[in-house]
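# Survey of secondary and tertiary structure
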Amino acid sequence: MATRVLSTLPKVLLLNGPNLNLLGRREPGIYGARSLDDVVDGLYEESALLGLRLEHLQSNSEAALIDCIHATDASVVVINPGGLTHTSVALRDALVGVALPFFEVHLSNIHAREPFRHHSYLSDKASGVLVGFGPLGYSLALRAAAQTLQEQN
Ligand code: CA2
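Residues numbered from 1 in each chain as written. Predicted model: local features only at pLDDT ≥ 70, side-chain atom pairs only at ≥ 80, totals over all residues. Heavy atoms only, no water.

## Here we look at the sheet that holds strand β3 (residues 76-80)
If you walk across this open sheet you meet the five strands as β2-β1-β3-β4-β5, and the pairing is parallel. Looking at strand neighbours, the two that pair on one side only are β2 (53-58) and β5 (128-131), the edges of this open sheet. Each neighbouring strand pair of the sheet contributes to a mean axis angle of 15 degrees, computed without reference to strand direction. Where strand β1 (residues 11-16) meets β3, five bridges bridge the pair, whose relative direction is parallel. Bridge pairing links V12 to V76 in β3. (Pairing = 2+ DSSP bridges. Helix = DSSP H or I, 4+ residues; strand = E, 2+ residues; numbered from the N terminus. Axes fitted to C-alpha atoms, helices over the stretch in contact; angles between N-to-C directions.)

Below, the structure is given as structure tokens:
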């Protein structure tokens, strides 16, 4: 019975792009000391409290991220595209192509970093963009996703 209740909850797809598997292991001054597993474990708990079902993929492959977007039955996407933010027309096209609302998250404040990080191929299509909050940005995006779903119903 619990499975049945869970499976009727709206799904949020959380995507993390290239190199985010290194979180907590390198560059803690920029990206913080927590591992990606630790951050995502917390997000699963927060999702349950918000009445959401979370599905997560981290991939270093642009193709795998795009295939996952094409295949998803989620209602909202939360994505930290990593370095693909600044390069990938294909990732933008995939998100626009499935016509799902999405929230873009960056752990660091990309606008306070190198000029090549200031432009995102996704931001103008996003429902919201969270930069510089560290892992809190994912939590805020989940709350925004929950609100988006409430407004839809
Ligand atoms: O601030 C963010 O979340 C970024 O999306 C992270 C990307 C970077 O290319 C974007 O400009 C901003 C980099 C992800 C790599 O993450 C690492 C984590 C720890 C150690 C090394 C890389």
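## Some words on the site of the ligand
In the region of the ligand, 17 residues are neighbours, and N80, H86, L107, S108 and R117 sit closest. In the environment of the ligand, an oxygen atom lies 3.5 Å from a nitrogen or oxygen atom belonging to the backbone of N19. For the ligand, an oxygen atom lies 3.4 Å from a polar atom in the backbone of G83. Within the complex, the protein chains bury 94% of what would otherwise be the 510 Å² of accessible surface of the ligand. When each cavity is represented as a set of grid points, the ligand is found to reside in the largest pocket. Residue composition of the shell around the ligand, grouped by class: seven nonpolar, seven polar and three charged. (Near = heavy atom within 4 Å. Polar contact = N/O pair within 3.5 Å; in protein donor to acceptor, adjacent residues only side chain to side chain. Areas by Shrake-Rupley, 256 points an atom, 1.4 Å probe, with all protein chains shown as cover. 1 Å grid on protein atoms, 1.4 Å probe; cavity = no way out; pocket = protein on both sides within 12 Å on 5 of 7 lines; lining within 4 Å. Sits in = over half its atoms within 2 Å of the grid points. Nonpolar A, V, L, I, M, F, W, Y, C, P; charged D, E, K, R; others polar.)

By themselves these figures say nothing about function.
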